Amino acid sequence: MSVDTVRKSRHASFSYVGREGCGALQLGLGILLVGLIIGVTFAPSPDNLTEKSVEIQPTELQSEQTLMAPQKKPSLILASVTPTQDGPATTTDKIRSLKVRDGDTLTSIMLSAGAIRVDAHGAVNALSAIFDPRNLRIGQRIHLTFSQDNNLKEMLLNPSVIRQIAVRRDENRNFKASVTVRALTRRMDFARGQIRSSLYKAAIGKKVPVSVLTEFVRIYSWDVDFQREIKHGDAFEVAYERFVDDSGRAIREGKIIFAKLVLSGTLKSLYRFNVQPNRIGYFDQKGRSARRPLLRTPIDGARLSSRFGKRRHPVLGYTKVHRGVDFAAPRGTPIYAAGDGVVSYRGRKGTYGKYLRIRHPGQFDTAYGHMSRFKKGVTRGTRVIQGQVIGYVGSTGRSTGPHLHYEILAGGRQVNPLTVKMPSGIKLEPKMLTKFQASRSSIDLLVANLQRETMISQR
């Protein structure tokens, strides 16, 4: 075989495989190169594989391995907008507090607050089991709680400083009433001061509660004329009860245990003492009662406008004996019975205008003139007690302005109400007097301790 023959045979074999002058080697290399380019260009990255993976919904036919396949982690997004909360909004109750006014009833108050009539009647019926709704006081507050759909849920009221009544729905949606009694602790407070202009200013300056000051004046009112006997330099002392709650907050004041007045150097001390289980009185150091059969001033907050004796009459214009005392006060000011007794006259009486007279034990009578009107129910023959309202200040009869003309008659003769000597009130029996002396000693010890504590606190 010649060389040319061999070359032709080799070329023919390559031409058969590769055609068009391309041999098998060139073709194979070309295919490999094309494959590499395609693989690099279109091969998916690992991240793209995760993102483009098909999410398979779990079914009963899927295997546990398929359900536990890894999931894509959520991307962290930073934004300036606060995302909204999911779920329903929180509901709040509506609370209303209403004050009792003149003419109000508990039902009318609840209806005006938005309660439906069925709820109002149900709450009142439940309350009636433990409290009479007719005993509501003007100015008292009623607290009502309503749900979002305006159904009454709760009613609260406080009949006193220590009692709270709640009316709430039970598990059956019926109203039930309950009472809570606040536990109070009894403490003793003490105050002392010097009087410069008035007892009121001196006491208030020492933080004496008004209710205690009022009681202080009352227990001395039989023996002391506070409008004319109080002078600069006089002094007072008072020890009284105060009731506080668990937090130490004062809830109310109690009774005066001890009182002392120094008037122009004269000492007047009074001690509280239980004469009987339901009868309390105030007595001096010797056991003599502070209470007298008659009040010298049967009116509060009045000004002495005319004394007993000769004076120039404001209407007649000439000198005439004035057989009583006049107390100027606003029209309608209450007038009190000066003592226990029976009404012997009620009606108009000449220049006195509307006039009332009371007969008292011990040959004493009291008379009240120029009244605007009489207290309802006080008629001739009515039995009255000391301090009971019998009428109101006016200017009927011969009068230049509203005032009370007050007289005391001893044995039928008019005497000066401001100077007449009154018999003492309660007289303690020897056995009771011994108990009083023991009680007085205990009070003296208590007051001494309170005085010492006050002095230490003021240093």
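Structure's up top.
Rules and cut-offs
- Residues numbered from 1 in each chain as written.
- Predicted model: local features only at pLDDT ≥ 70, side-chain atom pairs only at ≥ 80, totals over all residues.
- Heavy atoms only, no water.
- Phe/Tyr/Trp six-rings, centres within 6.5 Å; stacked < 30°, edge-to-face > 60°.
- Buried < 20%, exposed > 50% of the residue type's maximum accessible area, 1.4 Å probe, protein only.
- Helix = DSSP H or I, 4+ residues; strand = E, 2+ residues; numbered from the N terminus.
- Salt bridge = Lys/Arg side-chain N within 4 Å of Asp/Glu carboxyl O.
- Pairing = 2+ DSSP bridges.
- 1 Å grid on protein atoms, 1.4 Å probe; cavity = no way out; pocket = protein on both sides within 12 Å on 5 of 7 lines; lining within 4 Å.
- Points joined across faces, edges and corners; volume = space filled by probe spheres on them.
- Polar contact = N/O pair within 3.5 Å; in protein donor to acceptor, adjacent residues only side chain to side chain.
- Contact = heavy atoms within 4.5 Å.
- Axes fitted to C-alpha atoms, helices over the stretch in contact; angles between N-to-C directions.
- Patch = residues over 30% accessible without salt bridge, like charges linked within 9 Å, V, L, I, M, F, W, Y side chains within 5 Å.
- Areas by Shrake-Rupley, 256 points an atom, 1.4 Å probe, with all protein chains shown as cover.
- Arc of directions from axis to C-beta.
- Nonpolar A, V, L, I, M, F, W, Y, C, P; charged D, E, K, R; others polar.

Chemist: Tell me what's going on with the packing of aromatic side chains, and back it up with residues and numbers.
Modeler: Per the stated rule, a full pass over the model turns up 10 aromatic pairs. Ring geometry for Tyr 352 versus Tyr 355: centroids 4.9 Å apart, planes at 50°, classification tilted. For Tyr 355, a relative accessible area of 3% puts it in the buried group. Pairing Tyr 368 with Tyr 406 gives two aromatic rings, centres 5.6 Å apart and planes at 35°, and the pair type is tilted. Remark: Tyr 406 occurs in strand β21 (residues 403-410) and Tyr 368 occurs in strand β18 (residues 364-374); sequence separation between them is 38 residues. Here Tyr 406 falls in the buried class, since its relative accessible area comes to 0%. One aromatic cluster is present, formed by Phe 258, Tyr 271, Phe 273, Phe 283 and Phe 436 through successive ring pairs.

Chemist: I'd love a proper account of the pattern of salt bridges, names of residues and values included.
Modeler: Taken as a whole, this structure holds 15 salt bridges when the rule is applied. With a closest N to O distance of 3.1 Å, Glu 253 and Arg 242 form a salt bridge. A residue pair is termed long-range when its members are at least 10 positions apart, and Glu 253 in strand β8 (residues 250-263) and Arg 242 in strand β7 (residues 235-244) qualify at 11 residues. You can call Arg 242 buried: its relative accessible area is 16%.

Chemist: Can you lay out the pairing of β8 for me, pointing to particular residues and giving the numbers?
Modeler: In the sheet, β7 pairs with β8 via nine bridges, with the strands oriented antiparallel. Of the residues in β8, the one forming a bridge with Tyr 240 is Ile 256. A loop of five residues connects β7 with β8, the two strands running antiparallel in sequence, and Gly 248 in this loop sits at a positive phi of about 85°. In terms of strand pairing, β8 meets strand β9 (residues 266-276) through six bridges, oriented antiparallel. Paired with Ala 259 across the bridge in β9 is Leu 270. Remark: two residues form the turn of the hairpin made by β8 and β9, two consecutive strands paired antiparallel; Ser 264 in that turn has positive phi of roughly 50°.

Chemist: Quick one: what's the story with the environment of Val 415, residue by residue and with numbers?
Modeler: Mapped onto the elements, Val 415 comes out in strand β22 (residues 413-415). Overall, the relative accessible area of 10% leaves Val 415 in the buried class. Between the alpha carbons of Val 415 and Gly 324 there is a distance of 7.4 Å; along the sequence they are 91 residues apart.

Chemist: Lay out the layout of surface pockets in plain terms, naming residues and giving numbers.
Modeler: When its volume is computed, the largest pocket comes out at roughly 1,300 Å³. With seven residues, the single largest contributor to the lining of the largest pocket is helix α8 (residues 210-220).

Chemist: Describe the side chain of Asp 284, and please don't skip the residues or the numbers.
Modeler: With respect to the secondary-structure elements, Asp 284 resides in the loop between β10 (279-283) and β11 (303-306). Within the local environment of Asp 284, its side chain forms a polar contact with the backbone nitrogen of Lys 286, the two atoms lying 3.0 Å apart. Those residues in contact with Asp 284 that sit more than four places away from it in its chain are Ser 269, Leu 270, Tyr 271 and Phe 436.

Chemist: Any chance you could break down the sheet that holds β7 for me, citing the residues and the numbers?
Modeler: Spatial strand order, β6-β7-β8-β9-β10: five strands in an open sheet with antiparallel pairing. Among the strands making up the open sheet, the edge pair consists of β6 (185-194) and β10. This sheet shows a mean twist of 25° between the axes of neighbouring strands, independent of strand direction. Sheet strands in contact with α8 are β7, β8, β9 and β10, and its direction is about 40° off that of β8.

Chemist: Just give me the short version of a nonpolar patch on the surface, but keep the residues and values in it.
Modeler: On the surface, a nonpolar cluster with roughly 230 Å² of combined accessible area is contributed by Ile 130, Val 179 and Val 181. Relative to the helices and strands, Val 181 is located in strand β5 (residues 175-181).

Chemist: Requested: an account of helix α5 (residues 106-113), with residues and values cited.
Modeler: Within the sequence span of α5, burial applies to Leu 106, Thr 107, Ile 109, Met 110 and Ala 113. Projected onto a plane normal to the axis of α5, the buried residues spread over an arc of 160° and lie on a single side. On its buried face, α5 is in contact with β1 (94-99), α6 (117-127), β2 (141-146) and β3 (152-157). At the exit of α5 stands Gly 114, carrying a positive phi of roughly 115°.

Chemist: Please set out empty space enclosed by the protein residue by residue, giving values where relevant.
Modeler: A probe as big as a water molecule, rolled over the atoms, marks out the empty space that is left. Summed over all chains, the structure comprises one cavity of 30 Å³ or more. Of the voids in this model, the largest cavity is the one considered here, and its volume is about 40 Å³. Lining the largest cavity are Leu 199, Ala 203, Val 208, Val 212, Leu 213, Phe 216, Phe 236 and Val 238. Sort the elements by how many residues they give to the lining of the largest cavity and α8 lands first, with three residues. Of the residues belonging to the lining of the largest cavity, the class tally is eight nonpolar, no polar and no charged.

Chemist: Would you mind going over unusual backbone geometry in detail, with residue names and values included?
Modeler: Backbone geometry places Lys 207, a non-glycine residue, at a positive phi of 65°. Of note, the phi angle at His 370 is positive, near 65°, even though the residue is not glycine. Along the chain, His 370 turns up in strand β18.

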